[in-house]
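Each chain, written out:
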Amino acid sequence: WEGFGLSAVEAMGFRRPVVASNVDGLREVVEHERSGLLVDYGDTPRLAGALCELLGDGKRRTARGDAGRRRAERLFPRESFTRRRPAPAIMAALPT
């Protein structure tokens, strides 16, 4: 699995709620029940249930996406990415 969770941060930057495995790097990025849902690694039925939960509830999906965007902006400001990485296209594409 990914050690940091950059793909989760990128998704949160686009206001997308994240469904991820409850492992170290992702647990630090995604707030369970706030910016997304964390499921135990390998728990395929719970993973499917979490995806269905978000697909079936637009209000909750939007609220978690908005919370994720705020968290991504707070913990990983755009400026910190551009200083450490040479002009990442994904951060440049984020809506302001």
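Note: the structure precedes this text.
Predicted model only: the values in this text are computed from it and were never measured.

(A) Looking closely at the overall build of the chain. Along its length, the chain carries six helices and two strands. Put simply, the chain runs from its N terminus to its C terminus through helices and strands in the order α-β-α-β-α-α-α-α. Looking at the 96 residues of the chain, the share that counts as buried comes to 35%. Surface summary for the chain: the accessible area is close to 5,900 Å², and the carbon and sulfur share equals 53%.

(B) Structural context of the packing of helix H3 (residues 44-55) against helix H4 (residues 58-75). As a packed pair, H3 and H4 sit with axes 6 Å apart at the nearest point and diverge in direction by 100°. Judged by the angle between their axes, H3 and H4 are roughly perpendicular. Along the contact surface, H3 presents Glu-53, Leu-54 and Leu-55, while H4 presents Arg-60, Arg-61 and Arg-64. Looking at the contact of H3 with H4 residue by residue, the class counts come to two nonpolar, no polar and four charged.

(C) Structural view of the pattern of salt bridges. Counted by the stated rule, this structure contains 10 salt bridges. With a closest N to O distance of 2.7 Å, Arg-69 and Glu-73 form a salt bridge. Of this pair, Arg-69 and Glu-73 are both found in helix H4, four residues apart, which corresponds to roughly one turn of the helix. Judged by its relative accessible area of 44%, Glu-73 is partly exposed. Overlapping salt bridges bring together Glu-33, Arg-46, Glu-53, Asp-57, Arg-60 and Arg-64 as one network.

(D) Fine view of the pairing of strand S2 (residues 36-39). Both faces of S2 are covered, namely the face carrying Gly-36 and Leu-38 and the face carrying Leu-37 and Val-39. In this structure, strand S1 (residues 18-21) lies alongside S2, joined through four bridges in parallel fashion. For Val-19, the partnering residue across the bridge sits in S2 and is Leu-37. Of the crossover connections in this fold, the one passing from S1 over helix H2 (residues 24-29) to the parallel S2 is right-handed.

Calculation notes
Residues numbered from 1 in each chain as written. Predicted model: local features only at pLDDT ≥ 70, side-chain atom pairs only at ≥ 80, totals over all residues. Heavy atoms only, no water. Helix = DSSP H or I, 4+ residues; strand = E, 2+ residues; numbered from the N terminus. Buried < 20%, exposed > 50% of the residue type's maximum accessible area, 1.4 Å probe, protein only. Areas by Shrake-Rupley, 256 points an atom, 1.4 Å probe, with all protein chains shown as cover. Axes fitted to C-alpha atoms, helices over the stretch in contact; angles between N-to-C directions. Parallel < 35°, antiparallel > 145°, perpendicular 65-115°, else oblique. Contact = heavy atoms within 4.5 Å. Nonpolar A, V, L, I, M, F, W, Y, C, P; charged D, E, K, R; others polar. Salt bridge = Lys/Arg side-chain N within 4 Å of Asp/Glu carboxyl O. Pairing = 2+ DSSP bridges. Right-handed = clockwise from strand over helix to strand, strands pointing away.

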